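So the chains spell out like this:
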Amino acid sequence: MAKIIDGKAIAQEVRNELKGKVADLTHKGITPGLTVILVGNNPASEVYVRGKIRACEEVGIRSELISLPAEVSEADLLLKIKELNKDDQVHGILVQLPLPNHISESNVIETIAYQKDVDGFHPESVGRMVTGLETFLPCTPHGIMELLSRTGVDLNGKHAVVVGRSNIVGKPMALLLQQQNATVTMCHSRTVDLPSFTRQADVLVAAVGKVGLITKEHVKEGAVVIDVAMNRDVEGKLCGDVLFDEVSEVASAITPVPGGVGPMTIAMLLKNTVISAERVLQQV
Ligand code: GUN
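Here goes a summary of the coordinates provided. (Residues numbered from 1 in each chain as written. Predicted model: local features only at pLDDT ≥ 70, side-chain atom pairs only at ≥ 80, totals over all residues. Heavy atoms only, no water.)

A few points about the pairing of strand β8 (residues 224–227)
Successive side chains on a regular strand alternate, one facing one side of the sheet and the next facing the other. Burial along β8 is two-sided: the face carrying V224 and I226 and the face carrying V225 and D227 are both buried. Bridge count between strand β7 (residues 203–206) and β8: four bridges; the pairing is parallel. Paired with L204 across the strands is V225, a residue of β8. In terms of strand pairing, β8 meets strand β11 (residues 253–254) through two bridges, oriented parallel. Within β11, the residue paired with V224 across the bridge is A253. (Buried < 20%, exposed > 50% of the residue type's maximum accessible area, 1.4 Å probe, protein only. Helix = DSSP H or I, 4+ residues; strand = E, 2+ residues; numbered from the N terminus. Pairing = 2+ DSSP bridges.)

Describing the sheet that holds β8
Across the sheet, which stays open at both edges, the six strands sit in the order β1-β11-β8-β7-β5-β6 with parallel pairing between neighbours. Edge strands, defined here as strands with exactly one partner in the open sheet, are β1 (3–4) and β6 (183–187). Contacts from helix α7 (residues 170–179) reach β5 (159–163), β6 and β7 within the one sheet, and its direction differs from that of β6 by about 165°. (Contact = heavy atoms within 4.5 Å. Axes fitted to C-alpha atoms, helices over the stretch in contact; angles between N-to-C directions.)

Topic: the sheet that holds strand β4 (residues 92–95)
Reading across from one edge, β3-β2-β4 is the order of the three strands in this open sheet, with parallel pairing throughout. Taken across any chain shown, the strands that pair with only one partner, and hence form the sheet edges, are β3 (62–68) and β4. Strand-to-strand, the axes of this sheet are offset by a mean angle of 15°, without reference to chain direction. Bridge count between strand β2 (residues 33–39) and β3: seven bridges; the pairing is parallel. Bridge pairing in β3 links G33 to R62. Each of β2, β3 and β4 touches helix α2 (residues 43–59); the most contacted strand, β2, lies at about 170° to it. In this fold helix α3 (residues 74–86) packs onto β2, β3 and β4, with an angle of close to 180° to the strand it touches most, β2.

Remarks on the site of the ligand
All residues adjacent to the ligand are K52, L94, V95, Q96, L97, D119 and F121. Contacts to the ligand include L97, whose backbone N or O atom sits 2.9 Å from a nitrogen atom. D119 is positioned such that a nitrogen or oxygen atom in its side chain is 2.6 Å from a nitrogen atom of the ligand. Protein contact buries 82% of the 280 Å² of open area that the ligand shows by itself. Split by residue class, the shell around the ligand holds four nonpolar, one polar and two charged. (Near = heavy atom within 4 Å. Polar contact = N/O pair within 3.5 Å; in protein donor to acceptor, adjacent residues only side chain to side chain. Areas by Shrake-Rupley, 256 points an atom, 1.4 Å probe, with all protein chains shown as cover. Nonpolar A, V, L, I, M, F, W, Y, C, P; charged D, E, K, R; others polar.)

Brief notes about helix α1 (residues 7–27)
For α1, which comprises 21 residues, the first-to-last C-alpha distance of 30 Å matches the rise-based estimate of 30 Å (1.5 Å per residue) to within 8%. Looking at α1, one finds that the buried residues are G7, I10, A11, V14, R15, L18, V22 and L25. Contact partners of the buried residues in α1: α2, α6 (139–150) and α10 (261–283). Near the N-terminus of α1, the side chain that reaches the backbone nitrogen of K8, with its oxygen 3.2 Å away, is that of D6. (Expected span 1.5 Å × (residues − 1).)

Examining the pattern of salt bridges
On inspection of all chains with the given rule, the structure shows eleven salt bridges. In this structure, K271 engages E146 in a salt bridge whose closest nitrogen and oxygen atoms are separated by 3.9 Å. In this pair, K271 is assigned in helix α10 and E146 in helix α6, connecting sequence segments 125 residues apart. By relative accessible area, which is 14% here, E146 ends up buried. For K216, the salt bridge identified is with E249, shortest N-O distance 3.2 Å. You can see K216 sitting in the loop between β7 and β8 and its partner E249 sitting in the loop between α9 (244–248) and β11, a full 33 residues away along the chain. Since its relative accessible area comes to 46%, E249 is described here as partly exposed. (Salt bridge = Lys/Arg side-chain N within 4 Å of Asp/Glu carboxyl O.)

See the structure below:
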């Protein structure tokens, strides 16, 4: 039976480490600050944003939630972001995605000063990550790397297979795994014969958003399986892309949903915010 990778416990470990840093920074006159902008009332986004604000409070990061109506104009949203870019108290700016259709996500992301882009979505952040320069790494793949390293998974020379090619997870995930010396294969919705690839994985990351996508037949004996998705099954219960019970019989380690990757995403957001505040201190 697979060992369950307890993301909730590891995220708590990370938050405990951050508490000390936040206290230290606050003592030096810089309280790390994160501003989250939520547009409209997508129920899932509301839940995620609440989790982010609560986590800030726990570690002592000053957080602010700006809720804007779904009808807000793109121009008004960009104006708000520009104000926050100039605000010295704000070290991190996060605009929760998805946005209503009349607002361009790329215009929004590109307006955030990349020095405050704690999501790591700005093209400057992405380019810096690709070339291996210091930058904010996107929180979900960063959290997964942290989970793997704190679980003692050695990626050197291993075959990692990433299913999903989103900008937020799949693409950066493949890159970070490769930077840690894994050989990486990327699969996606047009991949022909998915199991023939996933069965080769020493580390399998599923980030598609499709219930039941990864079955026992997709997984090699002893593989480490990371489930990034947050789906609802037919009964409305939270679940990932991986059939947890049957895959647990073949994997050596597996993340549950919920309680696996999700808490780590938030922990990395806090970490990025603290790093951003530390940079201010280094400049003065
Ligand atoms: N929507 C889903 N995941 C994320 C995330 O990591 N950051 C933001 N800003 N929006 C999201």
